[in-house]
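Here is what each chain is made of, one letter per residue.
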Amino acid sequence: MPAIKKFQVTFDCAEPERLARFWCEVLGYVVPPPPEGFATWDDYQQSQPPEQRGSWFACVDPSGVGPRLYFQRVPEGKAVKNRVHLDVRVGTGLVGAERLAALEAECARLLPLGAVHVRTLYDGEDSCIPMLDIEGNEFCID
């Protein structure tokens, strides 16, 4: 059997650090320590050429299980629907009204962070809440 590969999820965005910190709050991720030789991320950023400062940022699962999230600044804005999106799984194992309540509670937690509630999909047993992050990227709470 082939070896399982580690991977990271990369976001093209306008403000890498801001978007990374949003996803830290959503997922319980953390900002990793700055590169060796730098006391802080600000120190690292100041060491970069001006045009590269703030061009990327990352966050990681503190347990080491989930993938690293990498955010890179790109010049163009988001123009169409994402081809890939994250599903934030808060209702696993729940059904019906109990599942919907868990999803709605998570939605309510994310709104003050800047997330946007798109709609609630509910068919009596299964449910999902499509949302947008602070740069308009789609994701779902399910």
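Residues numbered from 1 in each chain as written. Predicted model: local features only at pLDDT ≥ 70, side-chain atom pairs only at ≥ 80, totals over all residues. Heavy atoms only, no water.

Per an unreviewed UniProt entry, the chain goes by the name Glyoxalase-like domain-containing protein and belongs to Actinacidiphila guanduensis.

Caption draft 1: Just the overall build of the chain, in detail. Helix and strand content of the chain: 3 helices and 8 strands. Along the chain, helices and strands appear, N-terminal first, in the series β-α-α-β-β-β-α-β-β-β-β. Projected onto its principal axes, the C-alpha positions of the chain cover 55 × 40 × 30 Å. Per-residue burial for the chain yields a buried fraction of 32% across its 142 residues. By sequence separation, contacts in the chain at least 24 residues apart represent 57% of the contacts at least 6 residues apart. Counting every atom, the chain has about 8,800 Å² of accessible surface; 56% of that belongs to carbon and sulfur. (Helix = DSSP H or I, 4+ residues; strand = E, 2+ residues; numbered from the N terminus. Buried < 20%, exposed > 50% of the residue type's maximum accessible area, 1.4 Å probe, protein only. Contact = heavy atoms within 4.5 Å. Areas by Shrake-Rupley, 256 points an atom, 1.4 Å probe, with all protein chains shown as cover.)

Caption draft 2: Up close: the domain arrangement of the chain. Entries for the chain in the domain assignment read domain 1 (8-73) and domain 2 (86-141). Averaged C-alpha coordinates put domain 1 and domain 2 at centres separated by 25 Å. With 12 residues of domain 1 in contact, the opposing surface of domain 2 contributes 13 residues. Taken together, the two surfaces of domain 1 and domain 2 that pack against each other cover about 1,100 Å², and 71% of this comes from carbon and sulfur. Interface area lost by domain 1 to domain 2 is led by Phe22, Trp23 and Val26, which between them contribute 47%. Taken together, domain 1 and domain 2 are joined by 0 salt bridges. Here domain 1 is connected to domain 2 by 5 residue pairs in polar contact (both at pLDDT 80 or more). Where the side of domain 1 that touches domain 2 is concerned, the elements lending two or more residues are strand 1 (8-13) and helix 1 (16-27). Ranked by residue count, the leading element in the side of domain 1 that touches domain 2 is helix 1, at 7 residues. Across the side of domain 1 that touches domain 2, the residue classes break down as 9 nonpolar, no polar and 3 charged. (Domains from an automatic or database assignment. Buried area = accessible area lost by both parts, 1.4 Å probe. Salt bridge = Lys/Arg side-chain N within 4 Å of Asp/Glu carboxyl O. Polar contact = N/O pair within 3.5 Å; in protein donor to acceptor, adjacent residues only side chain to side chain. Nonpolar A, V, L, I, M, F, W, Y, C, P; charged D, E, K, R; others polar.)

Caption draft 3: Expanded view of the sheet that holds strand 2 (residues 56-59). Read across the sheet, 3 strands follow the order 1-3-2 without closing on themselves; strand pairing throughout is mixed. The strands lining the two open edges of the sheet, one partner per strand, are strand 1 and strand 2. Pairwise comparison of adjacent strand axes, ignoring direction, gives a mean angle of 20 degrees for this sheet. Bridge count for strand 1 against strand 3 (residues 68-73) is 6 bridges, and the pairing is parallel. Paired with Phe11 across the two strands is Phe71, which belongs to strand 3. Along the sheet, helix 1 contacts strand 1, strand 2 and strand 3; its crossing angle with strand 3, the most-contacted strand, is approximately 155 degrees. (Pairing = 2+ DSSP bridges. Axes fitted to C-alpha atoms, helices over the stretch in contact; angles between N-to-C directions.)

Caption draft 4: Structural context of the nonpolar core. In terms of nonpolar packing, the biggest core is built from 27 residues, with Trp23, Phe71, Met131, Phe139 and Ile141 touching the most fellow members. Elements represented by at least two residues in this core include exactly strand 1, helix 1, helix 2 (41-47), strand 2, strand 3, helix 3 (96-110), strand 7 (127-132) and strand 8 (138-141). When residues of this core are assigned to their parent elements, the largest contribution, 6 residues, is made by helix 1. There are two domains that each give this core at least three residues, and those are domain 1 (8-73) and domain 2 (86-141). What Trp23 contacts, discounting residues up to four positions off in sequence, is Phe11, Gly28, Leu69, Phe71, Leu86, Val88, Asp133 and Phe139. (Core = buried A, V, L, I, M, F, W, Y, C linked by side-chain atoms within 4.5 Å.)

Caption draft 5: Expanded view of the pairing of strand 2. Residues Trp56 and Ala58 line one face of strand 2 and the alternating positions Phe57 and Cys59 line the opposite face, and both faces are buried. Bridging between strand 2 and strand 3 involves 4 bridges; their strand directions are antiparallel. Pairing of Phe57 across the sheet is with Phe71, part of strand 3.

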